[in-house]
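# Close look at the chain arrangement
The chain contents come next:
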Amino acid sequence: MYNAKYIIPAMIVFIALMLFPFFYGTGTHKYEVQVELPKDQKECIEAKEVMRERHMQILDEWRNAVVRDEVRIYTNAKGKKFSMSLTDTCMTCHAEKDKFCDRCHNDVGVNPYCWDCHNISPEQKTPIPPAAEAPAEGGGH
Amino acid sequence: MLEKALKGSPRYWGTLAGLIGLIALGSGFWMYQLTNGLVITGLSRDVSWGFYIAQLTYFVGVAASAVMLVLPYYFHHFKQFSKMIILGEFLAIPAVIMCMLFVVVDLGQPQRMLNIIIHPTPNSILFYDMIVLNVYLLLNIVIGFISLQAFRNKMDPPKWIKPVIYLSVIWAFSIHTVTAFLYAGLPGRHYWLSAIMAARFLSSAFCSGPALLLLLTFLLKALTGFDPGKKAIKGLALIITYAMCINVFFYLLELFTAFYSNMPGHMDPIIYLFSGLHGHNDLVPFMWTATVLGLGSLFFLIPTKFRENPPALIVGLIMLVIATWIDKGMGLIIGGFTPNPFEEVTVYLPTFPELMVSLMVFSIGALVLTVLWKIAVEVRVEVEGCNHSLVPPKAE
Amino acid sequence: MKSSRRQFMKLAAASALGLGAGKLAFMGDAPAFASDIPTAATFEHPLKAKHWGMVIDTTKFTKELVEKCAHACRKQHNVPVIEGKKEVKWFWGGTFEEAFPNQIPEYLSEDVEKREIPLLCNHCESPMCVRVCPTQATFQRADGIVMMDMHRCIGCRYCMAGCPFGARSFNFQNPRPFIKDEDFNPNYPTRTRGVVEKCTFCTELLAEGKMPACVEVSEGALTFGDLGDENSEIRHLLREKFTIRRKPDAGTKPSVYYII
């Protein structure tokens, strides 16, 4: 290799810089998110573990089912039926987005663009949600 | 070979720095567009495509025009193009890149762009346009660099490159045909609904693209002394002249069909462009400028004594490039949307931010072109080991 | 045509569902959850058809009635009110000349000349917008409705170039500031900037077993039903009255018919 004495140290420095955030953060921060669960409801549409892992896939399946396949009723593992609606079904129970959705999303740094269009509550009075609950500018996930 | 782009004069680095400055300036406006939406453009519900898509159309033509060198050189052994051919291939690369960028800046949701691949839709011409443009980019990168590498090593290019080159010839026709089909199949847009649209696109591409190439070659000659050879210039100028004549002829065919048939739908866009409709005549000065310059270019190109005299040729070429750019880069798109489906006129003119975003794309194209041509010229200097301006192509 | 709207609704629903009229009690009673939050029960009895279509009796339309329908539409779907050439509209009105430009109307009857013609997406049988869309964001449902998937739209606006009827609008900007608070419907999403939208024949209301919002308020001037069922109310009407469609020469086969 030409100029190995420059290239190899430079590569090491580069890799070290790239990996620095991982080493820096490891073990310093206990990963724990405190979300406020609905007080008047015992069960979500599926078990807690399923929701924790798959809520985004479920929402993705729902949006295709409703918009493209004309299916609006979701039947869960226990045979209970729900309307496939983020605003009407999810947000009716999880009424405070900033105390449920955002707690986790903010912590892991995802910014779902659902809220660019979907209302944060079926009771919402104006098209623009109140500032405190307004999603941060910009989309992406 | 890329290391050739890393050594250069202050003028070379100054050019790159200047272009990067323009890109930075333009990208500021693009950020503005990304935050606010396409509301910053002059586009509307009625004229929903404008300057960006028009530039896509024009530069697809420029990209396709490399074939006007490749085809005579490889199919008819027109060896005079040997020095110039790499310039054509290396012009096609930034041209295709610009086309793609103009599509990206035109999208309302560019972050979802890959949906075109995630949900492939063979009934949409835009799907094919995405495929042909990407493949054409790849073809030109492969062919350009493989041929240049072979030339640098003083070897014949590998045998497998021949079929790839033949494919690229057909592909060049396909990219512009598919781009024409974007427009030519829409039932409500009379100005575009013409069987001759693809043929018009090709004829205007084969005059405007090589004209731009020739002008840039003259610039290159003035800056570096790189001389493609008199016969190459002569041959390309002749091709440009024929293509421009055919281009004008095809436009006259459109005029005949529209006006002899007397069909309002077909006449209205042309009337709007050339004399104004319902009191709106915003494009009239542009279209008449294009007409005068287009015919003027023929005045300089058709007589041999002008065509073979560089200053006159350059004047003719500049006129031609401006005329075809107004026709295809403004008139074609706006004419297609005017009058709107309710037979009304909505005026479109690009806004300043829109032009600045376009400046970003143009500058990226210019940057890529500068780097690629720098490599091509440096390789030639290395191989010939002397001031290449003194070395005419072998066949001459 | 003397049949009331309610009778028609029953007929349409009956023909659509293939049920006896006796089973249609739910149609007669206004749903108890009308103002409540929709649940799974809301969607148990959707309206279905082989091919949805609409007949517009333009003789019954005034500027006020067009605006009434347009307002119901805006309110149902959170359609923003934006002035100027970047406007968004699903249901609006135009003159006869604007609605039927290829008729080249030179000498129109005074009555027709002054009439306000309702305009909306034609839900064509061979929709050009669907053919050109590169992502299937706009697509045709089995029941003929040309639907928009806002999640998938990339905002290329090819559909706007393809539509011969100018039925499509692009969100050049975030539409939320342009939706009036009093017209806001929290049960229907807004749109984001950079996507194309248009009339959907109120698929969300059909799914609840309700008629489209404009039909509801049209005082009988709009007839909505199954073109695929020859016994449907809309087919009766089409047999009875002479109707025309906008730009039939574009070959897209609109599902919206006009009585002039």
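Relevant structure appears above.
Overview of the structure. (Residues numbered from 1 in each chain as written. Chains lettered and ligands numbered in written order. Predicted model: local features only at pLDDT ≥ 70, side-chain atom pairs only at ≥ 80, totals over all residues. Heavy atoms only, no water.)

### A short note on the state of the cysteines
Applying the stated rule across the entire model yields zero disulfides over all chains. Free cysteine: Cys73(C), not disulfide-bonded; nearest cysteine sulfur from Cys202(C) at 6.2 Å. (Disulfide = S-S within 2.5 Å.)

### So, the environment of Phe306(B)
All names here are of chain B. Positionally, Phe-306 belongs in helix α12 (residues 304-307). Here the alpha-carbon distance between Phe-306 and Gly-316, two residues ten residues apart in the chain, equals 8.7 Å. Every residue in contact with Phe-306, bar those within four places of it in the chain, is listed here: Phe-299, Phe-300, Ala-312 and Leu-313. (Helix = DSSP H or I, 4+ residues; strand = E, 2+ residues; numbered from the N terminus. Contact = heavy atoms within 4.5 Å.)

### Things to note about the pairing of strand β1 (residues 52-57) of chain C
All names here are of chain C. With respect to burial, β1 is a largely interior element, six of its six residues being buried. Here β1 shows two buried faces, one formed by Trp-52, Met-54 and Ile-56 and the other by Gly-53, Val-55 and Asp-57. Of the pairings in the sheet, the one linking β1 to strand β8 (residues 222-226) comprises five bridges and is antiparallel in character. Bridged to Trp-52 within β8 is Asp-226. In the sheet, β1 pairs with strand β10 (residues 256-259) via four bridges, with the strands oriented parallel. (Buried < 20%, exposed > 50% of the residue type's maximum accessible area, 1.4 Å probe, protein only. Pairing = 2+ DSSP bridges.)

### A closer look at the packing of aromatic side chains
Per the counting criterion, the structure on display carries 35 aromatic pairs over all chains. Relative to Tyr128(B), the ring of Phe127(B) lies with its centre 5.5 Å away and its plane at 70 degrees, an arrangement referred to as edge-to-face. You can call Phe127(B) buried: its relative accessible area is 13%. Ring centres 6.2 Å apart and planes at 40 degrees place the aromatic pair Phe249(B) and Phe250(B) in the tilted group. Site record: aromatic cluster; members linked through ring pairs are Trp49(B), Tyr183(B), Trp192(B), Phe201(B), Phe337(B) and Tyr158(C). Looking at Arg68(A), its charged tip hangs above the ring of Phe139(C), at a distance of 4.2 Å from the centre. Of note, Lys305(B) hangs over the ring of Phe306(B), and the distance from its end group to the ring centre comes to 5.5 Å. (Phe/Tyr/Trp six-rings, centres within 6.5 Å; stacked < 30°, edge-to-face > 60°. Lys NZ or Arg CZ within 6 Å of the ring centre and 35° of its normal.)

### Here we look at the environment of Phe362(B)
All names here are of chain B. Looking at where Phe-362 falls in the secondary structure, it is placed in helix α14 (residues 352-384). Along the chain, Phe-362 and Ile-97 lie 265 residues apart, while their C-alpha atoms are 9.9 Å from each other. With sequence-adjacent residues up to four places away left out, Phe-362 is seen in contact with Phe-51, Gln-55, Phe-59, Met-98 and Phe-102.

### Quick notes on the sheet that holds strand β9 (residues 243-244) of chain C
Residue and element names in this part refer to chain C. The strand order across the open sheet built from four strands is β8-β1-β10-β9, with neighbouring strands paired in mixed fashion. Strands at the two margins of the open sheet, each flanked by one partner only, are β8 and β9. Each of β1, β8, β9 and β10 touches helix α10 (residues 233-240); the most contacted strand, β8, lies at about 120 degrees to it. (Axes fitted to C-alpha atoms, helices over the stretch in contact; angles between N-to-C directions.)

### Here we look at the pattern of salt bridges
Applying the stated criterion to the full structure yields 27 salt bridges over all chains. Residue Glu61(A) is joined to Arg54(A) by a salt bridge in which the shortest nitrogen-to-oxygen separation is 2.9 Å. Residue classification places Glu61(A) among the partly exposed residues on the basis of a relative accessible area of 42%. We note a salt bridge from Glu208(C) to Lys210(C), for which the minimum N-O separation is 2.9 Å. A relative accessible area of 16% places Glu208(C) in the buried class. (Salt bridge = Lys/Arg side-chain N within 4 Å of Asp/Glu carboxyl O.)

### Some thoughts on the packing of helix α7 (residues 161-184) of chain B against helix α8 (residues 197-224) of chain B
Residues and elements named next belong to chain B. Where α7 meets α8, the closest approach of the two axes is 8 Å, and the angle between their N-to-C directions is 130 degrees. Classified by the interaxial angle, the pair formed by α7 and α8 is oblique. As α7 packs across α8, the resulting crossing turns out to be right-handed. Seen from α7, the contacting residues are Phe-173, His-176, Thr-177, Thr-179, Ala-180, Phe-181, Tyr-183 and Ala-184; seen from α8, they are Met-197, Ala-198, Phe-201, Leu-202, Ala-205 and Phe-206. When its residues are assigned to classes, the contact of α7 with α8 shows eleven nonpolar, three polar and no charged. (Parallel < 35°, antiparallel > 145°, perpendicular 65-115°, else oblique. Left-handed = near helix turned anticlockwise from the far one by under 90°. Nonpolar A, V, L, I, M, F, W, Y, C, P; charged D, E, K, R; others polar.)

### A word on the nonpolar core
Judged by nonpolar contacts, the single largest core of 148 residues is most densely connected at Trp49(B), Phe90(B), Trp192(B), Leu214(B), Ile240(B), Leu317(B) and Tyr158(C). In terms of residue count, α8(B) provides more of this core than any other element does, 14 residues in total. Sequence-distant contacts of Tyr158(C), that is, excluding residues within four places in its chain, are made with Trp49(B), Ser124(B), Ile125(B), Leu126(B), Phe181(B), Leu182(B), Leu186(B) and Val132(C). Cys69(C), Val112(C), Cys214(C) and Phe224(C) belong to the second-largest nonpolar core, a separate cluster that totals 44 residues. (Core = buried A, V, L, I, M, F, W, Y, C linked by side-chain atoms within 4.5 Å.)

### Topic: unusual backbone geometry
Here the bond from Thr338(B) into Pro339(B) is cis, since omega is -10 degrees, no more than 30 degrees from zero. For Pro339(B), the location among the structural elements is in the loop between α13 (310-337) and α14. With phi around 60 degrees, Glu70(A) is a residue other than glycine that occupies positive phi space. Mapped onto the elements of the fold, Glu70(A) is located in the loop between α2 (48-68) and β1 (73-75). With relative accessibility at 37%, the residue Glu70(A) sits in the partly exposed group.

Everything listed here is a matter of geometry and, on its own, says nothing about what the molecule does.
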